[in-house]
Each structure stands twice: as C-alpha cells, then as structure tokens.
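Listed below, chain by chain, are the residues.
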Amino acid sequence: MRRVICILFLLTTFYLAGVYQLESLMIFFMAQIGLLLILWLYTWYIASRVEVSLALENDTVEKGETARGSVLVKNRSWLPLLRFQVRISYGNCRQQEIFAQSLEGNVSGRKEKKAGFYVASDYCGVLQIRTEQIRVWDYLALFSRKRCCGEKVNLLVMPRADMVIADLRSVIPQGNTPGDYSQPDRPGDQPPEIFQIRSYQPGDNMRDIHWKLSARMDQLMSRRYAAEKKKLVDFFLDLSSDAKEDIYRMDAFWELAAAVSRELVRWEMIHRVWWRAADTGNMVSQVVERPDEMRSMIKNLLITTGSVNPKNVSKDLKEELYRIWRPGENLLRLNLNLELYRNEELVRKYTQEDCQNAARRDEV
C-alpha cells in the first residue's frame, strides 16, 4: 500500500509539472526519484552490515519443558536500522514437521539488539534451531532486503526424569545385587575376605584387632578386609532393529533406556551401557553408578544417535555381544522393537502407549 501511494504521488507530481510547465515541481519530482534510489541502496548496504547470531540459555531440557533462546542482531554500520525481522525455524532432527517464528525489532548504529524466543518439544532427541533469514526495511518501509543467515544450535531434549515404567525387580535374578563379590586386590573396611593383617594404626576399629596374633607378636595387629564391589550389569542398546524408525518409536526407545538405567541406579547396581554410534558405527560404552552419570550417559546417547538415522547401523551384533557378555554374567538388551532381553531371554515387551500412559500418570 505504501508503494502504491508513493507511485501515485510521483505520477501526480510529474503530471502537474508537465501540464503547468513548473520547473519547481519537476525538481521536486527528481528529488523524490533520488530519495527512492537512496532508500533502495540503503537496504542493500544495511543488509550487508548486519550480523545475526543465535544462543540458548541452556543446551539441555527435559521433554515438554520450554527452552529460552535469543537472537542477537548486531548493526556494524553507523546508520540506524529502524526495522528488521529475523525468521527462525526449529524441529526434531527425526521429525518432518518444522515450526517457525518471526522476531522483529530495531537497532541503532554501531549497536546490537537481542530478541528472545521460546521453543519446546514433545519428543526426546536433538532439537535443531536455525536462523533462516533476516529482512531489513528502509526508513519509509518502501523497500526491503532479505539475507540468508544459516546460524544453528542444537538443543538436547532429555527423557522425563520422573517417569519410571521399567520395574526390574523380576528382571534381574535374585542374588545379583550389590555386594555379592569381593575384590581382593584392594583394601576395604568390611568382610567377607581378609585383605591383610598389619600393625594397629590409630583409627582402626577395635573389633578388627587380631587378638591371638597380637599376643604372639607382642603388639596389636589389625585385620584389613577386601573391598566389596558391586555387581556390574551390561546394558546393550540395540539400534539395529527392523522396526519402522519414526520419531514416536525413537522417543519411546530413549524413554525406556533412561527408565531402565534409572531403575538400576535406584537398586544401586553399577551398569555399563553399550550402544553403537549411528554416525561412525563405533561402539560406545559408559559406566553408570550415580544419577548424574546416568544423565551424562543419556546426553551422550542422544548426541551420538539423536541426529543421525540409525539405518546405517550394522545388524550383525554377534561380535559385539560376545565381546561385552560372557555366559553367567548379566546382559540386558533393549531394541527398537521396545523389547527388553536378559541374557537373550525376552523378559519385557513395551509399547509406545506404555510411555504415553506413564507420562499421563505423572501429569495427574
């Protein structure tokens, strides 16, 4: 509409200058043409002097939580920019649907302006946020110029920390709880096995004094016991299933992986999580004993598998399974069919609805 009015005004000025042979109107008409040319050139200039960067307050959020980010527009010219519009898009790397937002503002010469935005995802994985383009206008908003940006950041969307759907009390055999095995090559404070007998030192428990040996040696001798170690469970995340790989199934897979690891931590069972990185095909492992280690493991899992389609993952897992598992040891395996195996025996069959129902229970 602005352009239409401007064109009509130019034509009217030109018509009146021609009809009445007024030199002043013709000069005024030429001045208008010059002004429009300057405004048009201004959009070219200011678009090349504007820098756009993207930042997030946190690079990790739980599923369903809102993450806050900001777009920083820096004007490197001395001329003020009265109006700009930055278009951002975001979406899960495995989701075809892309969402978009537009942020507007202004920035003075040699200054910068920050525009905030909020994003959220209903699915675990890697949420990619990208600045698509910036658009600038002249002072009269008659002309505009677009420029592609291409800045992007990744947001890790973690499984819900309060969702537990993997009760493993009947999955892990009885007797395979922490403390079943001793480690005789390092000292500890409690039985079952004696690590060494040495001279009494301040701080030793009086109950640990070996009285008979002390009488023979004519000095106090103290028992030292072998340290106990917790049973190590191998947990293999199988990304080689023939199941249809969509955002819903992968979301349920990551939720289940986190729930199983969280349950093992709750039962104080050290476990070593294995998976094959989708981008390189290399085996990755991480030992988990504490909640913070479990969260670190999930972050590493999402980084190495969340943004790459796992179709390239080899389906020949015999070599990997043989390397990490020996008969008599505990091996848990979760695949993309949402099946949980213990030592190659199917013990749980989950569905995507199990995760959805668990999430609804938590919301209630």
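Above: the structure in question.
Rules used in this analysis
Residues numbered from 1 in each chain as written. Predicted model: local features only at pLDDT ≥ 70, side-chain atom pairs only at ≥ 80, totals over all residues. Heavy atoms only, no water. Helix = DSSP H or I, 4+ residues; strand = E, 2+ residues; numbered from the N terminus. Contact = heavy atoms within 4.5 Å. Areas by Shrake-Rupley, 256 points an atom, 1.4 Å probe, with all protein chains shown as cover. Axes fitted to C-alpha atoms, helices over the stretch in contact; angles between N-to-C directions. Parallel < 35°, antiparallel > 145°, perpendicular 65-115°, else oblique. Left-handed = near helix turned anticlockwise from the far one by under 90°. Nonpolar A, V, L, I, M, F, W, Y, C, P; charged D, E, K, R; others polar. Patch = residues over 30% accessible without salt bridge, like charges linked within 9 Å, V, L, I, M, F, W, Y side chains within 5 Å. Salt bridge = Lys/Arg side-chain N within 4 Å of Asp/Glu carboxyl O. Buried < 20%, exposed > 50% of the residue type's maximum accessible area, 1.4 Å probe, protein only. Polar contact = N/O pair within 3.5 Å; in protein donor to acceptor, adjacent residues only side chain to side chain.

Caption draft 1: Here's a closer look at the overall build of the protein chain. A count of helices and strands for the protein chain gives 7 helices and 18 strands. Counting only contacts in the protein chain whose residues sit at least 6 apart along the sequence, the fraction spanning at least 24 positions is 69%. A total accessible area of about 20300 Å² is found for the protein chain, and carbon and sulfur atoms account for 51% of it.

Caption draft 2: Seen up close, the packing of helix α1 (residues 2-19) against helix α2 (residues 23-48). It is at 8 Å that the axes of α1 and α2 come closest, and there the two elements cross at 155°. In terms of orientation, α1 and α2 fall into the roughly antiparallel class. Seen along the crossing, α1 lies across α2 with a hand that is left-handed. Along the contact surface, α1 presents Cys6, Phe9, Leu10, Thr13, Phe14, Leu16 and Ala17, while α2 presents Leu25, Met26, Phe28, Phe29, Gln32, Ile33 and Leu36. Taken together, the residues that form the contact of α1 with α2 break down as 12 nonpolar, 2 polar and no charged.

Caption draft 3: Structural view of a nonpolar patch on the surface. Together, Met1, Val4, Ile5, Ile7, Leu8 and Leu11 make up an exposed nonpolar region whose accessible area comes to about 650 Å². Within the secondary structure, Val4 sits in helix α1.

Caption draft 4: Geometry of the side chain of Thr304. Here Thr304 shows up in helix α5 (residues 291-305). Looking at Thr304, the relative accessible area reads 14%, which means it is buried. Only 2.9 Å separates the side chain of Thr304 from the side chain of Trp275, close enough to count as a polar contact. Excluding its chain neighbours within four sequence positions, the residues that come into contact with Thr304 are Trp275, Ala277, Ala278 and Asp279.

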